[in-house]
Amino acid sequence: MQVFAILPAAGLGTRMAGPQPKQFLTLDGVPILIHSLRAFAAVPRVTAIYVAVRGTEMQRVQAQIAEYGFTHRVHVVEGGDKRQESVAHALAALPAQPDDIVLVHDAVRPLIDAATIERTIDAVAEHGAAIVGLPAVDTIKQVERTAHGALITATIPREFVVLAQTPQGFRFSLLQSAFAEAANDGFVGTDEASLVERAGHPVAVVHGSATNLKITQPGDLELAEYYLRKRSH
Ligand code: C5P
């Protein structure tokens, strides 16, 4: 059984101030995408890593991958306008067998650690589908958006809530059929698990951590730098 990792990195990062897509910003002098790649390259069970990037960024990413010495197990494919499309392109490029495992990880979660990746692989081997999730500590409100903000329509008991992170892992055949079904129905999800859930397959949850943050807004970089420094001490 082989394990493949897909890193969608074709986003524009519009919530981050500045002209640079966030996956190319640096953390401790190293591009965010390279931090994420390092984490997966550090897991011997991961056979190959596929990075999806914008067509215009392919050369720059190839050069970075070579600069950091990853040429061996890393492949670059062209992404699409939506995250789901970027993952679909990478999925189509995988030389995978039905029983192989595919992990999808946001390129902009650079602090993922090898132990969490390993636990996700184990859970996928057992359940067929598993994601990293963080139990909610805040009280969760469902709202209706209004012109001036939002109005609460319900309180969702937090014991029933986890915040979905990545990696999200699946048997190749399951992910492939869930993507085909979604494409057929015109369904677009914000993560892979939502496609697999609607296909009717149970998805297990592996305990995540707050340090596995998604670099999204200004300020997240400083927090990630802090976690990184703490980890290396
Ligand atoms: O936009 P969001 O924060 O959900 O992005 C999560 C990941 O998906 C990022 O690593 C981003 O680069 C990637 N993405 C992509 N293709 C897109 C949009 C987002 O690969 N069209």
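This one's a predicted model, so the numbers in the text were calculated from it and none came from an experiment.

Caption draft 1: Representation of the pattern of salt bridges in the model. Counted according to the given criterion, the structure contains seven salt bridges. Residue Arg-83 is joined to Asp-106 by a salt bridge in which the shortest nitrogen-to-oxygen separation is 2.2 Å. In this pair, Arg-83 sits in helix α3 (residues 83-93) while Asp-106 sits in the loop between β6 (101-104) and α4 (114-127), placing the two residues 23 residues apart along the sequence. Judged by its relative accessible area of 24%, Arg-83 falls in the partly exposed class. The closest approach of N and O atoms between Asp-106 and Arg-109, which form a salt bridge, is 2.9 Å. The same class applies to Asp-106 and to Arg-109, which are both buried. A single salt-bridge network, built from bridges that share partners, covers Arg-83, Asp-106, Arg-109 and Glu-192.

Caption draft 2: How the structure looks around the layout of surface pockets. Reported here for the second largest pocket is a volume of approximately 200 Å³. Forming the boundary of the second largest pocket are Leu-134, Pro-135, Ala-136, Val-137, Asp-138, Ile-140 and Leu-163.

Caption draft 3: Region of the structure containing the nonpolar core. Ranked by size, the top nonpolar core spans 32 residues in total, and within it Leu-37, Phe-40, Ile-49 and Val-51 carry the most contacts. Put simply, the parts of the chain that give this core at least two residues each are β1 (3-8), α1 (32-41), β4 (46-53), α2 (58-67), β5 (74-78), β6, α4 and β11 (204-207). Per-element tally for this core: the top contributor is α1, with five residues. When neighbours within four sequence positions are excluded, Ile-49 is seen to be in contact with Ala-5, Leu-7, Leu-37, Phe-40, Ala-41, Arg-73, Val-74 and His-75. Residues Val-104, Phe-170, Leu-174 and Ala-193 belong to the second largest nonpolar core, which totals 25 residues.

Conventions adopted
- Residues numbered from 1 in each chain as written.
- Predicted model: local features only at pLDDT ≥ 70, side-chain atom pairs only at ≥ 80, totals over all residues.
- Heavy atoms only, no water.
- Salt bridge = Lys/Arg side-chain N within 4 Å of Asp/Glu carboxyl O.
- Helix = DSSP H or I, 4+ residues; strand = E, 2+ residues; numbered from the N terminus.
- Buried < 20%, exposed > 50% of the residue type's maximum accessible area, 1.4 Å probe, protein only.
- 1 Å grid on protein atoms, 1.4 Å probe; cavity = no way out; pocket = protein on both sides within 12 Å on 5 of 7 lines; lining within 4 Å.
- Points joined across faces, edges and corners; volume = space filled by probe spheres on them.
- Core = buried A, V, L, I, M, F, W, Y, C linked by side-chain atoms within 4.5 Å.
- Contact = heavy atoms within 4.5 Å.

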